[in-house]
Every structure is written in C-alpha cells, then in structure tokens.
Amino acid sequence: MTTASVSAVLHSPNTRLGIAMMLLGILMFALNDTLGKWLVATYSVGQVLLIRSIAALIVLSPLLWRMGLRPLVRVERPGMQALRVALSSLEVYAFYFAVMYLPLADVMTYWLAAPIYVAALSPFLLGERVGWRRWTAIFVGFLGVIIALEPSAATLTAPALISIFGSFCFAFMMLSGRALRGTPDKVLVFWQIVGAGLLGLVTAPFGWVEPSSFDLALLAGLGVVAMVAHVCVNRAMKLADAAVVAPFQYTLLFWAVVFGFIVFGDVPRPAMLVGAAVIVAAGLFIFFRERAVADAS
C-alpha cells in the first residue's frame with residue numbers, strides 16, 4: 001500500500017469513526033474492569049458475576065428475540081462451544097479474583113499477553129504455520145511476561161499465578177473462537193454470559209453480601225457497560241480494517257495505569273512498565289506479521 005493510499009484510508013470517515021469506536025470501546029472495558037475491582041472488594045466474585053450476567057442478558061435480550069431461539073440451540077461443534085464457555089467462565093472468574101489482590105495494570109499486562117500465547121499455540125492446535133520472525137516475537141513476548149512478573153518468592157503469589165492461568169484461559173478461548181468462525185457473534189456472547197452467570201450462581205451463595213440499591217445498580221452496570229464495550233469494538237471492526245483499529249486495544253493498559261492510580265492509588269512498578277512495553281511491542285509485531293503473511297498468500 002502506497003503512502004497516498006494509506007493517507008486516504010486514515011482520512012476516510014468510516015476509518016475515523018472506526019478508530020473512535022475502538023477507543024470508546026476500550027475505555028468502556030477499562031471502566032468496567034475498574035468498577036469490577038471496586039466491587040469485588042465488598043462482594044464475592046460469584047455474586048459479581050451472577051448480577052453482572054443477569055444485567056447483560058437483559059440488555060442482550062431484544063437482539064436475541066429478533067434472532068430467534070433456533071440459532072442459540074442449533075450450534076456448530078457443540079463440544080467446542082461448551083469448551084469455549086468453560087474457558088471464558090474460568091477466565092472472567094480468574095480476572096476478578098486477581099484484581100482483588102493485584103494492581104489493575106499488573107493484571108491487564110498479563111491479559112494483554114494472550115495474543116502471544118495464541119501465536120505460540122496456533123501451530124500445535126490449529127495447524128497454522130509460524131515463521132522464525134513470529135517465533136522470535138513470541139520468545140520476546142514471553143520474556144516481557146517474565147520481566148513483568150519478576151519471579152521471586154515475594155511475587156509468585158496465588159493471585160499472580162491465577163492471573164497467568166486466566167490469561168492462558170483467555171488465549172485458549174481466542175483459539176476456540178477461531179475454530180468457531182461460523183457461529184454468529186451474538187450466539188457466542190450469549191453462551192459466554194450464560195456460562196459466567198452459572199458459575200456465579202454456583203459460587204455466589206458462599207459469602208453473599210446483601211447489596212444496597214446503589215451497589216446493586218453498580219453491579220448491574222458492569223453487565224451493561226461490558227455489553228456496550230463489545231458493541232463498540234465489534235462496530236469498529238466492521239467500519240475499518242482490523243490492521244488500523246486493532247492496535248488501539250493496547251490503550252487498555254494506559255487506562256489501567258490511570259484508573260489504578262486515581263481510584264486505588266496504585267503506583268506502577270518499573271518492572272511491570274518495562275514488561276508491558278515488551279509485551280505490547282511483541283504483540284503488535286505478531287499482529288502485523290500475521291496480516292502481511294495473510295495478504296501475501
């Protein structure tokens with residue numbers, strides 16, 4: 001693509017709107033995660049997941065009503081669908097558990113490494129070819145995770161290990177999504193919400209705290225904000241090329257640092273910032289390299 005064509009794409013109204021929608025969606029995700037960290041300080045993870053899922057299903061219900069029941073129950077590869085639901089439920093539970101004990105930016109850093117895990121696992125699980133350049137970036141990305149983690153007796157805590165586990169669940173969920181390309185997004189989101197809600201239903205009775213009306217609204221707001229964020233990101237991908245808008249997902253780390261400092265007084269560790277920079281650089285290289293390989297084939 002020439003410089004002139006790149007300039008034309010970036011100045012396209014749809015592209016500018018797509019970038020704006022992606023930035024808004026990522027900001028909404030950051031607000032959702034910040035609010036979730038605030039709430040799990042008082043309420044159990046199961047309770048948060050249960051109320052959040054109920055609210056999200058209420059918001060999603062008009063779209064599901066128009067779509068009908070059949071696509072929800074007649075899904076492709078039911079076993080893979082069930083595995084994806086289990087992974088997504090474990091991933092979201094691990095995230096909220098981790099942010100109870102760790103700074104928001106630390107947890108976000110581990111989660112942003114998921115695309116690197118996907119690239120590393122895709123040759124073995126999906127049969128995709130990965131060349132030496134991407135393997136080098138994958139190795140660098142893993143080094144970034146190690147730098148951010150600062151392995152020691154003091155840092156290898158249960159929440160840190162659960163963060164790593166959750167980010168791997170997220171990566172496997174992304175891989176399963178690649179294998180379920182024929183399933184409509186609304187169907188994937190519906191079962192993902194149902195899975196998290198059922199996990200919340202099972203675990204919520206342990207440590208249930210009666211919420212005030214205000215906190216109940218905040219708990220429900222988690223589901224609403226998350227749904228709005230998903231809509232913004234999906235819309236961004238339809239308005240503009242993924243190569244243009246996808247890199248803006250890394251602004252999530254910026255918001256995690258900002259909100260973590262303003263709301264919780266978290267001061268980012270130097271090692272976390274260095275590790276995060278390495279992870280982001282490796283992730284961006286892998287993304288653009290995959291695009292270049294796909295365009296050349």
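Residues numbered from 1 in each chain as written. Predicted model: local features only at pLDDT ≥ 70, side-chain atom pairs only at ≥ 80, totals over all residues. Heavy atoms only, no water.

Colleague: Would you explain the pattern of salt bridges in this entry?
Modeller: A side chain of one charge can pair with a side chain of the opposite charge when the charged atoms of the two come close. Following the criterion strictly, the structure yields two salt bridges and no others. Where Arg269 meets Asp106, a salt bridge forms, and the shortest distance between an N and an O atom there is 2.7 Å. Placement of the pair is Arg269 in the loop between helix H13 (251-264) and helix H14 (270-296) and Asp106 in helix H6 (residues 104-112), with a sequence separation of 163 residues. Glu150 is the partner of Arg269 in a salt bridge, and the nearest nitrogen-oxygen pair spans 2.5 Å. You can see Arg269 sitting in the loop between H13 and H14 and its partner Glu150 sitting in the loop between helix H8 (132-149) and helix H9 (158-179), a full 119 residues away along the chain. Judged by relative accessible area, Glu150 falls into the partly exposed class, the value being 34%. Connected through shared salt-bridge partners, Asp106, Glu150 and Arg269 make up one network. (Salt bridge = Lys/Arg side-chain N within 4 Å of Asp/Glu carboxyl O. Helix = DSSP H or I, 4+ residues; strand = E, 2+ residues; numbered from the N terminus. Buried < 20%, exposed > 50% of the residue type's maximum accessible area, 1.4 Å probe, protein only.)

Colleague: Teacher, can you tell me more about unusual backbone geometry here?
Modeller: In most cases, non-glycine residues show a negative phi, while peptide bonds are predominantly trans. A positive phi angle, close to 45°, is found at Arg77, a residue other than glycine. For Arg77, the location among the structural elements is in the loop between helix H4 (70-73) and helix H5 (78-101).

Colleague: Would you mind going over the packing of helix H7 (residues 114-125) against H8 with me for this structure?
Modeller: Angle between the axes and distance between the axes: these two values describe a pair of packed helices. Two numbers describe how H7 lies on H8: the axes approach to 9 Å, and their chain directions differ by 135°. Accordingly, the angle class assigned to the pair H7 and H8 is oblique. In the crossing of H7 with H8, the sense of the turn from one axis to the other is left-handed. Mapping the contact onto sequence places Ile116, Tyr117, Ala119, Ala120, Pro123 and Phe124 in H7 and Trp135, Ile138, Gly141, Phe142 and Val145 in H8. (Axes fitted to C-alpha atoms, helices over the stretch in contact; angles between N-to-C directions. Parallel < 35°, antiparallel > 145°, perpendicular 65-115°, else oblique. Left-handed = near helix turned anticlockwise from the far one by under 90°. Contact = heavy atoms within 4.5 Å.)

Colleague: Explain the packing of aromatic side chains here, please?
Modeller: By convention here, two paired aromatic rings are described through the distance between centres and the angle between planes. Per the counting criterion, the structure on display carries 11 aromatic pairs. Centroid distance Tyr117 to Phe168: 4.0 Å. Interplanar angle 5°. Geometry classified as stacked. On the criterion of sequence distance, the pair formed by Tyr117 in helix H7 and Phe168 in helix H9 is long-range, its members being 51 residues apart. An aromatic cluster is present here, built from Phe95, Tyr96 and Trp111 joined pairwise through their rings. (Phe/Tyr/Trp six-rings, centres within 6.5 Å; stacked < 30°, edge-to-face > 60°.)

Colleague: What exactly am I supposed to notice about a nonpolar patch on the surface here?
Modeller: The grouping of Phe139, Val140, Leu143, Ile146, Ile147 and Val274 at the surface amounts to a nonpolar patch, some 500 Å² of accessible area in total. The leading source of residues in the nonpolar patch is H8, at five residues. Assignment of secondary structure puts Ile146 in helix H8. (Patch = residues over 30% accessible without salt bridge, like charges linked within 9 Å, V, L, I, M, F, W, Y side chains within 5 Å. Areas by Shrake-Rupley, 256 points an atom, 1.4 Å probe, with all protein chains shown as cover.)

Colleague: Where do I start with a positive patch on the surface in this structure?
Modeller: Side chains of Arg66, Lys186, Arg235 and Lys238 sit close together on the surface and give a patch of like positive charge. With respect to the element layout, Arg235 can be found in helix H11 (residues 213-239). (Lys, Arg positive; Asp, Glu negative; His and termini not counted. Charge placed at Lys NZ, Arg CZ, Asp CG, Glu CD.)

Colleague: Looking at this model, I keep getting lost on the environment of Arg289. Mind explaining?
Modeller: Inspection of the secondary structure assignment puts Arg289 in helix H14. When its relative accessible area of 28% is taken as the criterion, Arg289 is described as partly exposed. The contacts of Arg289, once residues within four sequence positions are left out, are Arg133 and Arg134.

Colleague: What should I look at first to understand H13 in this one?
Modeller: An α-helical turn contains 3.6 residues, so a residue and the one three or four places further along point in the same direction. The end-to-end C-alpha distance of H13 is 19 Å, a good match for the 20 Å that 14 residues give at a rise of 1.5 Å each. Buried residues of H13: Leu252, Leu253, Ala256, Phe259 and Gly260, and no others. Take H13 and look down its axis: the buried residues cluster within an arc of 135°, on one side only. Where H13 is buried, its residues contact helix H2 (13-39), H6 and H14. (Expected span 1.5 Å × (residues − 1). Arc of directions from axis to C-beta.)

Colleague: When you look at the layout of surface pockets in this model, what are you seeing that I'm missing?
Modeller: Picture a little ball the size of a water molecule; that probe, rolled over the atoms, points out where space is still empty. Here the second largest pocket is characterised by a volume of approximately 240 Å³. If you trace the second largest pocket, you find it lined by Leu60, Leu63, Asp185, Lys186, Val189, Met227, His230, Val231, Asn234, Arg235 and Lys238. Of all the secondary structure elements, the ones that give two or more residues to the lining of the second largest pocket are helix H3 (45-67), helix H10 (185-203) and H11. Among the elements that line the lining of the second largest pocket, the one with the most residues is H11, at six residues. (1 Å grid on protein atoms, 1.4 Å probe; cavity = no way out; pocket = protein on both sides within 12 Å on 5 of 7 lines; lining within 4 Å. Points joined across faces, edges and corners; volume = space filled by probe spheres on them.)

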